[in-house]
There are 2 protein chains.
Amino acid sequence: MQPNESLHLSVDCVLFGYDDDGLKVLLINQKEDTYAHAQGRPMSQLPGDLILIDEGLEAAAERVLFELTQVNGVYLKQFHAYGDPDRVKDHKDRTWLRSVRTLPDQRVITVGYFGLVSLHDHSPQPASFAGGVSWVDVNEVGPLAFDHNSILNGAIEALQTQLETHHISFELLPKKFTLSQLQDLYETVLDKKFDKRNFRKNVKKMSHVVPLDEKQQGVMHKPAQLFSFNPDQIENA
Amino acid sequence: MQPNESLHLSVDCVLFGYDDDGLKVLLINQKEDTYAHAQGRPMSQLPGDLILIDEGLEAAAERVLFELTQVNGVYLKQFHAYGDPDRVKDHKDRTWLRSVRTLPDQRVITVGYFGLVSLHDHSPQPASFAGGVSWVDVNEVGPLAFDHNSILNGAIEALQTQLETHHISFELLPKKFTLSQLQDLYETVLDKKFDKRNFRKNVKKMSHVVPLDEKQQGVMHKPAQLFSFNPDQIENA
DNA sequence: TTGCATAGTGTCAAAAGTACAATAAACCCC
DNA sequence: GGGGTTTATTGTACTTTTGACACTATGCAA
């Protein structure tokens, strides 16, 4: 027997979007005339696609995201490969696959990437997306197709680890931000509270967070000082 | 164009072996009549294989290692997928591939796993392996085939991270070990020195390292107390 | 001017980390 | 059996980091 004579490889992207409203994931709603029902409701799934024959893995992930959001240059990080032989063999998933693939029964191994975008500035708004695509709060994601719920969980854990070990918060914030926004980001992503004074003490030690000569405007309370990230000073620790 | 109509998927295994002599990797020497020369010398490579059509990724890694070492149940962890379209297209690598594959020119994506075995007890000795397989000190690995040097580097980093964040040292030590052996392990893998007294202070806080009623024997100096790991107490932190 | 909402700030105690050196036990050799 | 060699074992003082905790400041709106 020839090994893996009919085996497909895809990338799946967990695109995290953040704004003052929380952490969201970009999900695709399977079309009405093609979806299978899970408890009578249409299922969503992560954006993903089979990789092209001469395409790198990260390039494939970039392509998938660009096609959906028209945005380039998003932070992307591979976090895990999923290769359970039965991961696309569930009845509800095959029904959907039959409607979109020429070879719906073939095994698919997928490589998971997570991406980060800020939804603050006038970045990718759902409106500019292809239809059937939406931002869903990470805490309100229902059952997804295939093994996409585990992939999402893997992505969340990878994001948390990455936030604690690398300086990536600027990928999720507007160019100018307040320390409260920064703290909210950490609290949302890591799902725990920080003491305000201790948090600010730590931020002052980060040389890549620099205060601007500018304050928040249009708020009906004491305006906060604005900060920005100095990309030159982001150590790779 | 059909996407990835002829694309192969493999696993590559970085099997780390440890004993008082240092940290080693299991390498395969390409056979004399098939290898390509790099600067006139035969190349080595990581053990790996195409995955079978109904085989999970980790199962494939287990199979590869079992075929080489006859050992089952080794600790295995996936760390990265490598999918550069040109990763097997180097001239020296194609020469070798032509001698062992029916379709040598096809693109291969590979998923990297690292594994851990102790070489202390009478575990997998090179002698019990298939010919052409050997343990090489991680600091003395020369140029490998394909992108296997980067895969090895990725594995080393993943191992270091894992050792600092999870309790995996027992996978690399004999069942009964001294605190000096434990410290040597940390120093070897993390490539830095620890203070003996401080190191032991920390170990005493680890509830899964338990002292035995037994001492080292056959050494010509003060015998050290032996310890073992209590698997029940290994927290997943 | 008062009320409301959020910004901003310091101190103390506990815990963790770091630097550092003398004694103890077993073996070998003479 | 005594001296030499080798590694094991142990504690203390100092520094740094972490964690808990509450009040004043500023801008806007009513």
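Residues numbered from 1 in each chain as written. Chains lettered and ligands numbered in written order. Predicted model: local features only at pLDDT ≥ 70, side-chain atom pairs only at ≥ 80, totals over all residues.

## A word on the interface of chain A and chain B
Inference 1: Taken together, the contact pairs 23 residues of chain A with 23 residues of chain B.
Inference 2: For the side of chain A that touches chain B, the class distribution of residues is 12 nonpolar, 6 polar and 5 charged. (Contact = placed C-beta atoms within 7 Å. Nonpolar A, V, L, I, M, F, W, Y, C, P; charged D, E, K, R; others polar.)

## Focus on the environment of Asp-12 of chain A
All names here are of chain A.
Inference 1: With respect to the helices, strands and loops of the structure, Asp-12 is situated in strand E1 (residues 7–19).
Inference 2: Residue class for Asp-12 comes out buried when judged on the 24 C-beta atoms lying within 10 Å of it.
Inference 3: Between the alpha carbons of Asp-12 and Leu-46 there is a distance of 6.3 Å; along the sequence they are 34 residues apart. (Helix = DSSP H or I, 4+ residues; strand = E, 2+ residues; numbered from the N terminus. Buried ≥ 20, exposed ≤ 12 C-beta atoms within 10 Å, placed from the backbone.)

## As for the protein's contact with DNA strand D
Inference 1: Within the structure, DNA strand D sits among 18 residues, and Lys-222 of chain A together with Ser-180, Arg-197, His-221 and Gln-225 of chain B are positioned closest to it.
Inference 2: When contributions to the surface near DNA strand D are tallied by element, the ones reaching two or more residues are helix H5 (196–205) of chain A together with helix H4 (179–190) and helix H5 (196–205) of chain B.
Inference 3: In terms of residue class, the surface near DNA strand D is made up of 4 nonpolar, 6 polar and 8 charged. (Near = placed C-beta within 6 Å.)

## Some thoughts on the packing of H4 of chain B against H5 of chain B
Residue and element names in this part refer to chain B.
Inference 1: Relative orientation of the contacting elements H4 and H5 amounts to 105 degrees, with a least axis distance of 11 Å. One way to sum up the angle between H4 and H5 is to call them roughly perpendicular. Together, Leu-179, Leu-182 and Gln-183 of H4 and Lys-196, Phe-199, Arg-200 and Val-203 of H5 make up the contact between the two elements.
Inference 2: Here the residues of the contact of H4 with H5 sort into 4 nonpolar, 1 polar and 2 charged. (Axes fitted to C-alpha atoms, helices over the stretch in contact; angles between N-to-C directions. Parallel < 35°, antiparallel > 145°, perpendicular 65-115°, else oblique.)

## Here we look at the domain arrangement of chain A
Residues and elements named next belong to chain A.
Inference 1: Each domain of chain A was delimited in the assignment, giving domain 1 (7–165) and domain 2 (175–233).
Inference 2: Listed by partner, the interface residues are 8 residues for domain 1 and 6 residues for domain 2.
Inference 3: Mapped by element, the contributors of at least two residues to the side of domain 1 that touches domain 2 are strand E2 (22–29) and helix H3 (148–165).
Inference 4: Of all the elements, H3 adds the most residues to the side of domain 1 that touches domain 2, at 3 residues.
Inference 5: Residue composition of the side of domain 1 that touches domain 2, grouped by class: 4 nonpolar, 2 polar and 2 charged. (Domains from an automatic or database assignment.)

## Quick word on the environment of Met-206 of chain B
Residues and elements named next belong to chain B.
Inference 1: Within the secondary structure layout, Met-206 lies in the loop between H5 and strand E10 (209–215).
Inference 2: Accessibility expressed as a C-beta count within 10 Å gives 16 for Met-206, which makes it partly exposed.
Inference 3: Each C-alpha atom of the pair Met-206 and Phe-229 lies 9.8 Å from the other, and the pair is 23 residues apart in sequence.

## Quick word on the relation of the copies chain A and chain B
Inference 1: It takes a turn of 180 degrees to lay chain A on chain B, together with a shift of 0.0 Å along the axis; the resulting RMSD is 0.0 Å. Given the turn and translation reported, the copies of this chain are related as if by a two-fold rotation axis.
Inference 2: Mapped onto chain B, 100% of the interface residues of chain A are again interface residues, and the two copies thus contact each other with one and the same surface. (Least-squares fit on C-alpha atoms with pLDDT ≥ 70 in both.)

## Some remarks on the protein's contact with DNA strand C
Inference 1: Around DNA strand C, the structure places 18 residues, and the nearest of them are Ser-180, Arg-197, His-221 and Gln-225 of chain A together with Lys-222 of chain B.
Inference 2: Sorting the residues of the surface near DNA strand C by element identifies helix H4 (179–190) and H5 of chain A together with H5 of chain B as the ones contributing at least two each.
Inference 3: Of the residues contributing to the surface near DNA strand C, the split by class is 4 nonpolar, 6 polar and 8 charged.

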